[in-house]
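One-letter residues, chain by chain:
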Amino acid sequence: MLTQAFFRALDDESIPWTATPIAPGANGRFEFVFRATAPHATRNWVFYVTPANWTPGTPLRWDMMEEFCRLGSVPLSAGNVYRMSCTLPQRSGRHVIYNTWQRSDSTEAFYTCSDVQFTGGTNPGWTDRGPLMAQNAL
C-alpha cells in the first residue's frame, strides 16, 4: 500500500523538474491535451498558475495559485484525448500550472501539476503525426 510519505518528493520544489516550453498561439491561447486512459464524464476543468513574481523553488500553496481557465464538460476527442483551449496568462520564465478535473458522475477528482517554461514567443503549433514506429528491433 502506498503512503502519503511515498509521494512527498512530488512536493519538493528543490528538485530540478524538467520544465516544458509553453507559449500561446497567435490568438493568445494554448491547447492543453490530456490522454484519457480511463474516460469519464466531466463536470469541469480548472487551471491555475503560479503568480508572476513567483520564484522557482518556493513552496507552493493553494492561496498563491491564480486561476486562469475554467471549462465545463469537455467531450472526448478522437484518439481518446480531451482537448482544451485556454488563454494563457502573461508570464515569463519558469512556472507551475496546476489543474483539477472533476467528474460529473461521481465525487472523484483528478489533479495534475506541470512544470513549464513560458518562452515569451508564440507557439507555431504542433501537428500530431501519429505513433512512432521503430525501424529496427529495439
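Everything quoted here is computed from the prediction, not taken from an experiment.

Engineer: What should I look at first to understand the pattern of salt bridges in this one?
Structural biologist: Side chains that differ in charge, positive against negative, can pair when their charged atoms come close. Inspection of the entire model under this criterion finds 7 salt bridges. One salt bridge in this structure joins Glu66 and Arg91, with 2.6 Å as the shortest N-O distance. One end of the pair, Glu66, is in strand β4 (residues 66-71); the other, Arg91, is in the loop between β6 (81-87) and β7 (93-103), and 25 residues separate them in sequence. Of the charged contacts in the structure, one is a salt bridge between Arg94 and Asp115, with a shortest N-O distance of 3.7 Å. Note that Arg94 is positioned in strand β7 and Asp115 in strand β8 (residues 109-118), a separation of 21 residues in sequence.

Engineer: Sorry if this is basic, but what is going on with unusual backbone geometry here?
Structural biologist: Note: most peptide bonds trans; most residues except glycine with negative phi. Look at Asn80: it is not a glycine, yet its phi comes out positive at around 60°. As for its placement among the helices and strands, Asn80 is situated in the loop between β5 (76-77) and β6. What makes Asn80 partly exposed here is its relative accessible area of 37%.

Engineer: Before we go on, may I ask you to explain the packing of aromatic side chains in this structure?
Structural biologist: Each aromatic ring pair is characterised by the separation of its centres together with the angle its planes make. Tallied over the full model, the rule gives 13 aromatic pairs. Measuring from ring centre to ring centre gives 6.4 Å for Tyr98 and Tyr111, while their planes differ by 35°; the resulting arrangement is tilted. Taken together, the positions of Tyr98 in strand β7 and Tyr111 in strand β8 put the pair 13 residues apart, joining distant regions of the chain. With relative accessibility at 23%, the residue Tyr98 sits in the partly exposed group. Grouped by ring-pair contacts, the aromatic residues Phe30, Phe32, Phe34, Trp45, Phe47, Phe68, Tyr82, Trp101 and Phe110 constitute a single cluster.

Engineer: Is there a simple way to think about the side chain of Gln102 in this case?
Structural biologist: Counting through the fold element by element, Gln102 comes out in strand β7. A relative accessible area of 17% means that Gln102 is categorised as buried. Here Thr107 takes part through its backbone oxygen, which lies 3.4 Å from a polar atom of the side chain of Gln102. Non-local contacts of Gln102, meaning those with residues more than four positions away in its chain, are made with Thr42, Arg43, Asn44, Thr107, Glu108 and Ala109.

Engineer: Sorry if this is basic, but what is going on with the environment of Met64 here?
Structural biologist: Here Met64 is to be found in the loop between β3 (42-49) and β4. Residues in contact with Met64, not counting those within four places in the same chain, are Val49, Pro51, Trp54 and Pro59.

Engineer: How should the sheet that holds β3 be read in this particular structure?
Structural biologist: As a general point, the strands of a sheet are linked pairwise by backbone hydrogen bonds and lie either parallel or antiparallel. With mixed pairing, 5 strands are arranged side by side in an open sheet as β1-β8-β7-β3-β4. Every other strand in the sheet has two partners, leaving β1 (20-22) and β4 as the edge strands with one partner each. Within this sheet the neighbouring strands show an average axis-to-axis angle of 35°, counted without direction. Bridge count between β3 and β7: 7 bridges; the pairing is antiparallel. The partner of Tyr48 across the bridge, within β7, is Tyr98.

Rules and cut-offs
Residues numbered from 1 in each chain as written. Predicted model: local features only at pLDDT ≥ 70, side-chain atom pairs only at ≥ 80, totals over all residues. Heavy atoms only, no water. Salt bridge = Lys/Arg side-chain N within 4 Å of Asp/Glu carboxyl O. Helix = DSSP H or I, 4+ residues; strand = E, 2+ residues; numbered from the N terminus. Buried < 20%, exposed > 50% of the residue type's maximum accessible area, 1.4 Å probe, protein only. Phe/Tyr/Trp six-rings, centres within 6.5 Å; stacked < 30°, edge-to-face > 60°. Polar contact = N/O pair within 3.5 Å; in protein donor to acceptor, adjacent residues only side chain to side chain. Contact = heavy atoms within 4.5 Å. Pairing = 2+ DSSP bridges. Axes fitted to C-alpha atoms, helices over the stretch in contact; angles between N-to-C directions.

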